Amino acid sequence: MKTQAVMTAAFVSTLTLAAPVAAQDRAGWPESFTVGTASQGGTYFAYGSGWANFVAENLGVSGGAEITGGPVQNMALVHTGDLKFGLTTMGPARESRDGQSPLAPGMKMDNVCAMFPMYETPFSITTLSSSGITSISDIPDGAAIGFGPAGSTSDTYFPRMMETLGVDFERRNGSWSDLGGQLQDGLIDVVAFAAGIPIPAVSQLEVQTDVNVIGMNDEEARKIVDNFPVSEFVIPASTYQSLEAPSRVVSMWNFAMVNCDMPESFVYEITKLTMENNEKMVSIHKAARHSVPENYTKNTVLPWHPGAARWFNENGYSIEDAAIKQ
């Protein structure tokens, strides 16, 4: 599982939040940390790299993001300790904990703990307006569809969803940026995105050409919700210039996760910093408007890290002992 590292060292000596943190017990704190994200051009990379820098600047620990294959690989990397932090989606997280990860079948990845809620990942489709594809039923047989990096949330679930809806396709993989370029060049017909909105690759595409952002009709949404661990979701029309009305799709929740062996005080301070500064998180990526403590209940898969659970419990968000990693 080779990955490309994109590290950003950050040491700041005089910061508003640094002084009270310095008074805390830093026993066992790492000198640096890395967050597993996903491919460039996707929300994970933008969110994760910005968040890592924010934490590094305020806690005085060198930190940065690492490009990975996404949620499935992040689960494996955090479980083994190759990375201490990562971003994941609840569907792949459940499969990985149950020993059903395509990367390591039979290995129950149970040394991964939840930190805080991030946002919902909508599953949406983008095509060029010139293709004439304006709905899922318009996708022609044998269409080349890009499903993101191999092993990503999109690649894990979207092909199954398309098959459930009767779409016949040729499967393509690649980073969101690469697939966006292939779509623009006419090398593929559709990109099936699963990423927090606005997706950087889609925003970039619609600046350069005319695109259709395609949702689901009532019957399609109902069929997908009945067959997959997702819920209905509406993409606001204001998300993209190409949307003239809200777009109905389905979505899956994302959480920040940590290796369960990381020091409680370190994870507590990171959780505190993140949950108490939502305005800063939204400035990193608009999807973070959902990165608020009230959404902690969306985690029904991962045990909570004791440090994260302590912050939530101290602030009135009850996490029972049975849900905390012991």
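Above this text is the structure in question.
Calculation rules
- Numbering of residues begins from 1 in every chain and follows the order in which that chain's sequence is written.
- Residues qualify for local features only when their pLDDT is at least 70, as the model is predicted, and side-chain atom pairs are given and counted only at 80 or more; totals for whole chains, interfaces and linings, by contrast, use all residues.
- Water and hydrogen atoms play no part in the side-chain values, which are based on all heavy atoms of the structure.
- Where helices and strands are cited, they refer to DSSP runs of H or I of at least four residues and of E of at least two residues respectively, numbered from the N terminus.
- As a reference, a globule follows 2.2 Å times the number of residues to the power 0.38, and the radius of gyration itself is taken over C-alpha atoms.
- For every residue, the accessible area obtained with a 1.4 Å probe (protein chains only) is divided by the maximum for its type, and the residue is called buried under 20%, exposed over 50%, and partly exposed between those limits.
- Contacts between residues were defined by any pair of non-hydrogen atoms, one from each residue, lying within 4.5 Å.
- Each accessible area value is a Shrake-Rupley result obtained with a 1.4 Å probe; residue values ignore everything except the protein chains displayed when judging cover.
- None of His or the chain ends enter the tally, which takes Lys and Arg as positive and Asp and Glu as negative.
- Each charge is placed at NZ for Lys, CZ for Arg, CG for Asp and CD for Glu.
- Residue types Ala, Val, Leu, Ile, Met, Phe, Trp, Tyr and Cys, when buried and joined through side-chain atoms within 4.5 Å, form a set referred to as a nonpolar core.
- For this analysis, a salt bridge means a side-chain nitrogen from Lys or Arg found within 4 Å of a carboxyl oxygen belonging to Asp or Glu.
- By definition here, a helix of n residues has an expected span of 1.5 Å times n minus one.
- Every axis corresponds to a line fitted to the C-alpha atoms, with the helix fit spanning only the stretch in contact, and the corresponding angles, defined between N-to-C directions, vary from 0 to 180 degrees.
- Roughly parallel here means an angle under 35 degrees, roughly antiparallel means over 145, roughly perpendicular means 65 to 115, and every remaining angle is called oblique.
- Should the near helix be turned anticlockwise from the far one by less than a right angle, the crossing is termed left-handed; should it be turned clockwise, right-handed.
- Any residue that is not Ala, Val, Leu, Ile, Met, Phe, Trp, Tyr, Cys, Pro, Asp, Glu, Lys or Arg is counted as polar, Gly included; the first ten are nonpolar and the last four charged.

Engineer: In this structure, what is going on with the overall build of the protein chain? I would like to understand it.
Structural biologist: Helix and strand counts for the protein chain come out as 11 helices and 11 strands. Taking 2.2 N^0.38 as the reference for a compact globule, 326 residues should give roughly 20 Å; the C-alpha atoms of the protein chain span a radius of gyration of 20 Å, in line with that estimate. Judged by the C-alpha coordinates and their principal axes, the protein chain covers about 60 × 40 × 40 Å. The buried share of the protein chain, taken over its 326 residues, is 58%. Contacts in the protein chain between residues at least 24 apart in sequence constitute 77% of all its contacts with a sequence separation of at least 6. Summed over all atoms, the accessible surface of the protein chain reaches about 13,300 Å², with 45% contributed by carbon and sulfur. One way to put it: in the protein chain the 19 positive side-chain charges average out to a point 5 Å from where the 35 negative ones average out.

Engineer: Whenever I open this one, the nonpolar core confuses me. Can you help?
Structural biologist: A general trend in soluble globular proteins is that nonpolar side chains are found buried together. With 56 residues, the main nonpolar core has Trp51, Phe85 and Trp304 as its most contacted residues. The contacts of phenylalanine 85, once residues within four sequence positions are left out, are Phe33, Thr34, Val35, Gly36, Trp51, Val78, Met115, Met257, Val258, Met262, Phe266 and Ile270. Phe147, Ala192, Ala194 and Ala221 belong to the second-largest nonpolar core, a separate cluster that totals 26 residues.

Engineer: Before we go on, may I ask you to explain the pattern of salt bridges in this structure?
Structural biologist: Between side chains of opposite charge, pairing is possible as soon as their charged atoms come close. As enumerated under the stated definition, the model contains eight salt bridges in all. In this structure, arginine 171 and aspartate 155 form a salt bridge, with 2.9 Å as the shortest nitrogen-oxygen distance. In this pair, arginine 171 is assigned in strand 7 (residues 169-172) and aspartate 155 in helix 5 (residues 153-164), connecting sequence segments 16 residues apart. In the salt-bridge network here, residues are joined through shared partners; they are Asp218, Glu232 and Arg248.

Engineer: Explain helix 3 (residues 71-80) here, please?
Structural biologist: Every α-helical turn comprises 3.6 residues, leaving residues that sit three or four positions apart pointing alike. Among the 10 residues of helix 3, nine are classified as buried, and the element is accordingly described as predominantly covered. Regarding helix 3, the residues found buried are Pro71, Val72, Gln73, Asn74, Met75, Ala76, Leu77, Val78 and His79. Once helix 3 ends, the next one or two residues include glycine 81, with phi positive near 90°.

Engineer: I keep staring at helix 2 (residues 43-59) and nothing clicks. Help me out?
Structural biologist: Taking 1.5 Å per residue as the helical rise, helix 2 with its 17 residues ought to reach 24 Å, and the 24 Å between its terminal C-alpha atoms agrees with that figure. Judged by how many residues are buried, helix 2 sits mostly within the fold: 15 of 17 residues are covered. Immediately downstream of helix 2, the backbone of glycine 60 shows phi near 70°, a positive value.

Engineer: Looking at this model, I keep getting lost on the packing of helix 6 (residues 176-184) against helix 7 (residues 200-208). Mind explaining?
Structural biologist: Geometrically, a packed helix pair is captured by the angle between its two axes and the distance between the axes. Where helix 6 meets helix 7, the closest approach of the two axes is 9 Å, and the angle between their N-to-C directions is 25°. Judged by the inter-axis angle, helix 6 sits roughly parallel to helix 7. With respect to the hand of their crossing, helix 6 and helix 7 are arranged in right-handed fashion. Where helix 6 approaches helix 7, its residues Trp176, Gly180, Leu183 and Gln184 are matched on the opposing element by Ala201, Leu205 and Gln208. In terms of residue class, the contact of helix 6 with helix 7 is built from four nonpolar, three polar and no charged.

Engineer: Which parts of the structure should I look at to understand the environment of proline 117?
Structural biologist: Note on placement: proline 117 falls in strand 5 (residues 112-128). Of the residues examined, proline 117 reaches a relative accessible area of 0% and is grouped as buried. Residues proline 117 and glutamate 31, spaced 86 residues apart in sequence, show a C-alpha to C-alpha distance of 25 Å. Ignoring sequence-local partners within four residues, the contact set of proline 117 consists of Trp253, Asn254, Phe255, Met275, Ser291, Val292, Asn295, Tyr296 and Phe312.

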